[in-house]
Amino acid sequence: MSERRITSKQLLQKLQIDYYLDLNKARYNGRKVAWASSIVPQEFMEVMNIAVAYPENHSAAIAAKKGALPYIDQAEKMGYSNDICSYARINLAYAAMKTNEIPPLPKPNFVVCTNNICNVLIKWYESLAKHFKVPFFLIDVPFNHENCGVNEETSTFNPIPQNRIDYVKAQFEEFIKFLEDICGKKFDYEKFNEVMTISNRTAKAWSKAMNYASMMPTPLDGFNMFNYMAMMVCLRGKKESAMLYEMIAAEMEENIKAGKSQFPGEQKYRIMWDGIACWPYLKHNYTSMLKNGVVISGSTYPKAWEIVYEVGNMDELASIYAGIGNNRNLADQRDIRAVIQRSCKCDGVIYHMNRSCKVMDFMQPEMRRQISEITNIPFVSFDGDQSDPKNFSEAQFETRVEALVENMKGNKEGLAQ
């Protein structure tokens, strides 16, 4: 009898459960707890054995379970405008309501954020620090107004200017001092290299696994990118996370050899999904695309987690965290999307006009116009929100998908003549 092997889905579920169990046992085990923004340099906190909670991830989990509305309503009662990020509204209300939401978040000893994805984070985390009466640390990352460019061969951004790297690196050094004061012990630079090695292994495995979506036919169901992503946020510096993504990559390789795919339907059309998922409507979005034979073969969102650098190189670490997609100018963001659409052999594009993500909303109309001139493939956009279910219309999404399918079908028929 052959030994039964655990699947990546089972391992993912186990890691998610273990993560929250470990998080909530941290204080009892004498460990410090931090609440941190998603793309913060977790390597420093991993070295200090700090348990890190991620409010954005937690808000997305609440929304995916269709539990967002009580928090959104409470946030409005607290005076927060419904125009600000729904992740922030859910989390700020959660912190105030002290609910027994599963999974729960323990009270933090400090909060930390970077503004490399948006500036709403600064006021959000300042409010958390004020509420919990704990220290707040901001890693300030200037916006990259210059055209740094894109490496088409690797589908990655070029490095940012050295003066910006030096500015962010100096803040990393201040963050280390801050953590030493919080934890009452010295920073271990030897362990830092070990953590960086693990984090790199995780990011490379993630990149390899997700890049299999670009193959024809794709062995990866593109919507699983959103599900797999959770551990890249929470556990980049853990060996278990590296094992998960290496397992996913191995499963994709087996699918390729066997001519199989996670996508259960016919792959008639390949698209790029641009933007964050609509967590409350993930199943609806997936079903609407599945019945039309539309599979995601490329996305910008997973690219944010390809955090790869030379171990021990603080300059590269600063460059990666300060040079991610949301912190780039329109030209760089346009060019990386055009590269993804070409490399993933996309027939069309779906753009999520996310009410919560203003920095992307303001750029998106002009960006998608310019990208369309480069790639010459059809696109649609839909109005939605990452976690507020009130800002989404099922009927609109369905008609937009149908319109895109008609255009993609017409393109294919035109090319066949």
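What counts as what
Residues numbered from 1 in each chain as written. Predicted model: local features only at pLDDT ≥ 70, side-chain atom pairs only at ≥ 80, totals over all residues. Heavy atoms only, no water. Helix = DSSP H or I, 4+ residues; strand = E, 2+ residues; numbered from the N terminus. Rg over C-alpha atoms; globule rule 2.2 N^0.38 Å. Buried < 20%, exposed > 50% of the residue type's maximum accessible area, 1.4 Å probe, protein only. Contact = heavy atoms within 4.5 Å. Areas by Shrake-Rupley, 256 points an atom, 1.4 Å probe, with all protein chains shown as cover. Salt bridge = Lys/Arg side-chain N within 4 Å of Asp/Glu carboxyl O. Patch = residues over 30% accessible without salt bridge, like charges linked within 9 Å, V, L, I, M, F, W, Y side chains within 5 Å. Lys, Arg positive; Asp, Glu negative; His and termini not counted. Charge placed at Lys NZ, Arg CZ, Asp CG, Glu CD. Pairing = 2+ DSSP bridges. Axes fitted to C-alpha atoms, helices over the stretch in contact; angles between N-to-C directions. Parallel < 35°, antiparallel > 145°, perpendicular 65-115°, else oblique. 1 Å grid on protein atoms, 1.4 Å probe; cavity = no way out; pocket = protein on both sides within 12 Å on 5 of 7 lines; lining within 4 Å. Points joined across faces, edges and corners; volume = space filled by probe spheres on them. Nonpolar A, V, L, I, M, F, W, Y, C, P; charged D, E, K, R; others polar. Right-handed = clockwise from strand over helix to strand, strands pointing away.

Visitor: A description of the overall build of the chain should follow, citing residues and the corresponding values.
Guide: Looking only at helices and strands, one finds 16 helices and 10 strands in the chain. In terms of overall size, the chain behaves like a compact globule, its C-alpha atoms giving a radius of gyration of 21 Å where 417 residues would be expected to give roughly 22 Å. For the C-alpha atoms alone, the extent of the chain along its principal axes is close to 70 × 60 × 50 Å. Residues counted as buried form 56% of the 417 residues belonging to the chain. Across the chain, the fraction of contacts at a sequence separation of at least 24, relative to all contacts at a separation of at least 6, is 79%. Here the chain displays about 18300 Å² of accessible surface, and carbon together with sulfur accounts for 52% of that area.

Visitor: Please give an account of the pattern of salt bridges that cites residues and values.
Guide: Pairing between side chains of opposite charge can happen when the charged atoms of each approach one another. According to the stated counting rule, one finds 19 salt bridges in the structure shown. With a closest N to O distance of 3.0 Å, Glu 46 and Lys 238 form a salt bridge. With Glu 46 in helix H2 (residues 42-47) and Lys 238 in the loop between helix H10 (230-234) and helix H11 (239-258), this pair connects stretches of sequence that are 192 residues apart. Judged by its relative accessible area of 19%, Glu 46 falls in the buried class. Salt-bridge contacts for Asp 83 lead to Arg 355; the nearest nitrogen and oxygen are separated by 2.8 Å. Taken as a pair, Asp 83 in the loop between helix H4 (69-77) and helix H5 (86-97) and Arg 355 in the loop between strand S9 (348-354) and helix H15 (358-375) lie far apart in primary sequence, 272 residues in all.

Visitor: Give a detailed account of a positive patch on the surface, specifying residues and quantitative values.
Guide: Taken together, the side chains of Arg 27, Lys 32, Lys 98, Lys 107 and Lys 133 present a region of like positive charge at the surface. Take Lys 98: it is sitting in the loop between H5 and strand S3 (110-114). Judged by relative accessible area, which is 64%, Lys 98 ranks as exposed.

Visitor: Residue-level account of the sheet that holds strand S4 (residues 136-139), with values.
Guide: A sheet is described by the order of its strands in space; here 4 strands give the open sequence S2-S1-S3-S4, paired in parallel fashion. The open sheet is flanked by strand S2 (51-53) and S4, the only strands paired with a single partner. Averaged over all adjacent pairs, the angle separating strand axes in this sheet is 25°, with direction ignored. Inspection of the sheet shows S3 paired to S4 by 4 bridges, in the parallel sense. Looking across to S4, one finds that Val 112 is bridged to Phe 137. Each of strand S1 (33-36), S3 and S4 is contacted by helix H6 (residues 120-132), which is oriented at about 175° to S3, the strand it contacts most. Its contacts with the sheet place helix H7 (residues 162-183) against S3 and S4, and it is angled at close to 160° to S4.

Visitor: Account for the packing of H5 against H6, naming residues and giving values.
Guide: Taken N-terminus to C-terminus, the directions of H5 and H6 make an angle of 0°; their axes are 11 Å apart at the nearest point. The orientation of H5 relative to H6 falls into the category roughly parallel. Listed contacts from H6 to Tyr 87, Ala 88, Asn 91, Leu 92, Ala 95 and Ala 96 of H5 are Trp 124, Ser 127, Leu 128, His 131 and Phe 132.

Visitor: Pulling in residues and values, what's your account of the layout of surface pockets?
Guide: Taking a probe equal in size to a water molecule and rolling it over the atoms shows the remaining empty space. The computed volume of the second largest pocket comes to approximately 330 Å³. Tyr 19, Asp 22, Cys 234, Leu 235 and Lys 238 are the residues nearest the centre of the second largest pocket, which is lined by 21 residues in total. Put simply, the parts of the chain that give the lining of the second largest pocket at least two residues each are helix H1 (8-25), H2 and S2. Sorting elements by how many residues they give to the lining of the second largest pocket places H1 first, with 6 residues. Its residues assigned to classes, the lining of the second largest pocket shows 10 nonpolar, 3 polar and 8 charged.

Visitor: Now, about the pairing of strand S8 (residues 294-299): what can you tell me, with residues and values included?
Guide: Within S8, 6 of the 6 residues are buried, leaving the element largely enclosed by the surrounding structure. Relative to S8, strand S7 (residues 269-274) runs parallel, the two sharing 5 bridges. Across the sheet, Arg 270 pairs through a bridge with Val 295, a residue of S8. Each parallel crossover has a hand, and the one from S7 via helix H12 (residues 282-290) to S8 is right-handed.

Visitor: Quick one: what's the story with the environment of Lys 66, residue by residue and with numbers?
Guide: If you trace the backbone, Lys 66 turns up in the loop between helix H3 (55-64) and H4. Under the relative-accessibility criterion, Lys 66 is labelled exposed at 62%. Lys 66 sits 321 residues away from Ser 387 along the chain, and the two C-alpha atoms are 8.8 Å apart.

Visitor: Give me the lowdown on unusual backbone geometry, citing residues and values where you can.
Guide: The linkage connecting Met 216 with the following residue, Pro 217, adopts the cis geometry, with an omega of -10°. Checked against the element boundaries, Pro 217 lands in the loop between helix H8 (189-211) and helix H9 (224-228). Even without glycine at this site, Lys 133 takes up a positive phi of about 60°. By the element assignment, Lys 133 lies in the loop between H6 and S4. Not every positive phi belongs to a glycine, and Lys 345 is a case in point at roughly 55°. By relative accessible area, Lys 345 is classed as partly exposed at 42%.

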